[in-house]
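# Structural overview for review
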Amino acid sequence: MVLASGVAVVHGLAVLFMLTGALLALRWPRLVLLHAPVALAILAVNLAGADCPLTDLELALRGDAGYDGGFLGHYLFGPLGLDEHATGTQLGVYATAFGLNALGYGLLAARWWGASRAPGVLQDPTSARNTPAAR
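Predicted, not measured: the structure shown is a model, and the values here were computed from it. (Residues numbered from 1 in each chain as written. Predicted model: local features only at pLDDT ≥ 70, side-chain atom pairs only at ≥ 80, totals over all residues. Heavy atoms only, no water.)

### Structural notes on the overall build of the protein chain
Scanning the protein chain for helices and strands turns up five helices and zero strands. Here the protein chain holds 135 residues, and 20% of them are scored as buried. The long-range share in the protein chain, meaning contacts at least 24 apart out of those at least 6 apart in sequence, stands at 53%. Element-wise, carbon and sulfur atoms account for 69% of the exposed surface of the protein chain, whose accessible area totals about 9,200 Å². (Helix = DSSP H or I, 4+ residues; strand = E, 2+ residues; numbered from the N terminus. Buried < 20%, exposed > 50% of the residue type's maximum accessible area, 1.4 Å probe, protein only. Contact = heavy atoms within 4.5 Å. Areas by Shrake-Rupley, 256 points an atom, 1.4 Å probe, with all protein chains shown as cover.)

### Some thoughts on a nonpolar patch on the surface
Among the surface-exposed residues, L3, L57 and L61 lie close enough to one another that they form a single nonpolar patch of about 270 Å² accessible area. With respect to the helices and strands, the residue L3 is situated in helix α1 (residues 2-24). (Patch = residues over 30% accessible without salt bridge, like charges linked within 9 Å, V, L, I, M, F, W, Y side chains within 5 Å. Salt bridge = Lys/Arg side-chain N within 4 Å of Asp/Glu carboxyl O.)

### Focus on the packing of α1 against helix α3 (residues 53-62)
Across the interface, α1 lies against α3 with an axial gap of 8 Å and an inter-helix angle of 165°. One finds that α1 runs roughly antiparallel with respect to α3. Considering the relative orientation of α1 and α3, their crossing is left-handed. Packed against α1, whose contacting residues are L3, A4, S5, V7, A8, H11 and A14, the element α3 presents L54, T55, L57, E58, L61 and R62 at the interface. Within the contact of α1 with α3, the residues separate by chemical class into eight nonpolar, three polar and two charged. (Axes fitted to C-alpha atoms, helices over the stretch in contact; angles between N-to-C directions. Parallel < 35°, antiparallel > 145°, perpendicular 65-115°, else oblique. Left-handed = near helix turned anticlockwise from the far one by under 90°. Nonpolar A, V, L, I, M, F, W, Y, C, P; charged D, E, K, R; others polar.)

### A closer look at the side chain of T55
One can find T55 in helix α3. Residues in contact with T55, not counting those within four places in the same chain, are H11, Y67, G69, G70 and F71.

### Side note on the confidence of the model for the protein chain
The pLDDT averaged across the protein chain works out to 88; a share of 86% of its residues lies at or above 70. Across the protein chain, the secondary-structure element scoring lowest on mean pLDDT is helix α5 (residues 87-117), at 91, and the one scoring highest is α1, at 96. (pLDDT = per-residue confidence, 0-100.)

### Quick notes on the environment of Y94
By secondary structure assignment, the location of Y94 is in helix α5. Under the relative-accessibility criterion, Y94 is labelled partly exposed at 35%. Considering only alpha carbons, one finds Y94 and L43, 51 residues apart in sequence, at a separation of 9.6 Å.

Below, the structure is given as structure tokens:
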């Protein structure tokens, strides 16, 4: 039962990371190298309509004490009284995930595009090389 709870915690962290990873990459750009494959894997599982492997693992570890439905339905939507299969709930999930990732990756792309179009311009305005005496 402890192992199943550990899998549930890891699953929750994976969902949070999928939602916020692109925004966190604004602060830590190398995080994209981890976030992009995680987000694409979660997207692939959802688009394929397949069962989530982490949910399957958690339920297998819980045995008879498992629950019906998916991870989000059990831990998030159920307590809120929402039907996880309702169209509105599904649209909300996809809109939230897409919106946060589009925002994060859009800002990262804009940052990259701006930096690549301005050669010789220092990105750190506090750099000693960017003072009038250094020019």
